[in-house]
Amino acid sequence: MDEILRQAQDDGKLTIMKIWEKGGTTDQQIEAFTIGKDADLDLLLAQYDVEGTIAHVTMLESVGLLTKDELDLLLPELKTIHQLAIDRELTIDERVEDIHSQVEFLLTQKLGNVGKKIHSGRSRNDQVILDIKLFSRAKIKEVASEVKSLFDQLISLSEQHKEVLIPGYTHMQVAMPSSFGLWFAAYAESLIDDLTQLQAAYKITNRNPLGSAAGYGSSFPLDREQTTELLGFDSMNNNVVYAQMTRGKTEKVVSQALASIASTLSKLSMDVCLYMGQNFGFLTFPDHLTTGSSIMPHKKNPDVFELVRAKCNKIKALPNEIDHILGNLPSGYHRDLQLIKEGYLPVFDELLSCLSITQLMFNEVQVKKDLLDNPIYDYLFSVEVVNELVLQGKSFREAYVEVGKMIAEGKFEPKKELNHTSKGTLGNLNNQYLVKMMNEVSSAI
Ligand code: ARG
């Protein structure tokens, strides 16, 4: 089943038809295959579809394509449908193909012929792009605010545990002293760059494609600047052919930014899984936040972070999936684009759940103090001893060889007082610098 419903009012009965139906019938299997998951997925777009229609009909009236009386009939009805969409009470009739058709059907059912006028100068092709952009804009804001709140938490944990040292690793070998202050703030800083990418994606999304119709514009005198303004877009996708090309491209650019946030979260989760294990034992969580084993009574498993890691790794695959769907498509609309909705529309809530569960966990993180008293970490301080010799006048290379010799001969004594003063190091986290950067980027979304 594909398109819109029309009223055949000649015999006084309402007949539901696709908006593109011209009298013939479509094979049921073909209908089911082509509609795919739209009946469910399009509900996520419902609110935005109606917002787009409200702007469109307002503009149609101002350019003389609807009368004031017709607009006055349409607007209250559209507002009712908008509320139904927000309250998640809207459904897509199984004989109707998608949300665009459903809205037109509801209007026509209620208002008769005037409902059929809303499609003037429009196509579902530009409607669906518009819906995706409005949906993305709202969801990007939600993601940005969750990222900011995780950032704030990480900065506060960094400050709280800035004196607590942990080993730093290279090649998974004990390398140099680090701290929980550095570790938490490193991920906070990573989120700043991720949000910068999201800000760019937001900017690209925030341009109005409406008026491109099927992808080649309309001979009606549509006022595209008016709908740009009414829908709160920064600007237009000016060229109608390009406006159509933003279907798929928008989803790709946004999902790349989401994938960047997901990469930060999956790396963080990997660290947590390692640090929770007995071989590291750097941090843990209270029992009510961890899970056990059905057979091994001692287990305290990091399932939450394993799932965050896997969900985020899956999110990282989305830009690739979209890229493959778009890969060899020429310009103009193609039904292929419909499939992008399957991975794209649900991804925001998936990422949001990862961002919020991470915060729930970190609310109760317990860090282990005095880790570096363990002699297995003594070599963390080898560079400190080298540096001390340098301060006493030796060249770095001479000092390096000398300490290497001490280690080889088993005479190495760690020097555990640390004096890191340069910005962004364990003795001078300079977190206020990060806070300033984050405020700049998050206030721009
Ligand atoms: N469900 C379709 C999609 O998501 C709506 C647009 C249909 N347009 C068309 N020309 N068949 O792409």
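Residues numbered from 1 in each chain as written. Predicted model: local features only at pLDDT ≥ 70, side-chain atom pairs only at ≥ 80, totals over all residues. Heavy atoms only, no water.

A.B. asks: Describe the pairing of strand S2 (residues 173–179), with residues and values.
C.D. replies: Sheet topology places strand S1 (residues 165–170) next to S2; 6 bridges connect them, and they run antiparallel. Residue pairing in the sheet places Gly 168 in a bridge with Met 176 of S2. Between S1 and S2, which follow one another and run antiparallel, lie 2 residues, and His 171 among them has a positive phi close to 55°. (Pairing = 2+ DSSP bridges. Helix = DSSP H or I, 4+ residues; strand = E, 2+ residues; numbered from the N terminus.)

A.B. asks: Can you break down the site of the ligand residue by residue, with the values?
C.D. replies: As a matter of local geometry, the ligand sits amid Asp 38, Asp 98, Arg 124, Asn 125, Val 128, Arg 247, Tyr 333, Gln 338 and Lys 341. Taking Gln 338, its side chain carries an N or O atom lying 2.9 Å from a nitrogen atom of the ligand. Contact with the protein chains hides 87% of the accessible area of the ligand, taken as 350 Å² for the molecule alone. Take the shell around the ligand: its biggest share by element is 3 residues, from helix H6 (residues 124–160). A per-class count over the shell around the ligand returns 2 nonpolar, 2 polar and 5 charged. (Near = heavy atom within 4 Å. Polar contact = N/O pair within 3.5 Å; in protein donor to acceptor, adjacent residues only side chain to side chain. Areas by Shrake-Rupley, 256 points an atom, 1.4 Å probe, with all protein chains shown as cover. Nonpolar A, V, L, I, M, F, W, Y, C, P; charged D, E, K, R; others polar.)

A.B. asks: Report on the pattern of salt bridges, specifying residues and quantitative values.
C.D. replies: Here the structure, examined in full by the defined rule, presents 21 salt bridges. Of the charged contacts, one joins Glu 70 and Lys 117 as a salt bridge, the two residues approaching to 2.5 Å between their closest N and O atoms. Of this pair, Glu 70 sits in helix H4 (residues 68–86) while Lys 117 sits in the loop between helix H5 (99–111) and H6; the two residues are 47 residues apart in sequence, bridging distant segments of the chain. Taking relative accessible area as the criterion, Glu 70 reaches 15% and is therefore assigned buried. (Salt bridge = Lys/Arg side-chain N within 4 Å of Asp/Glu carboxyl O. Buried < 20%, exposed > 50% of the residue type's maximum accessible area, 1.4 Å probe, protein only.)

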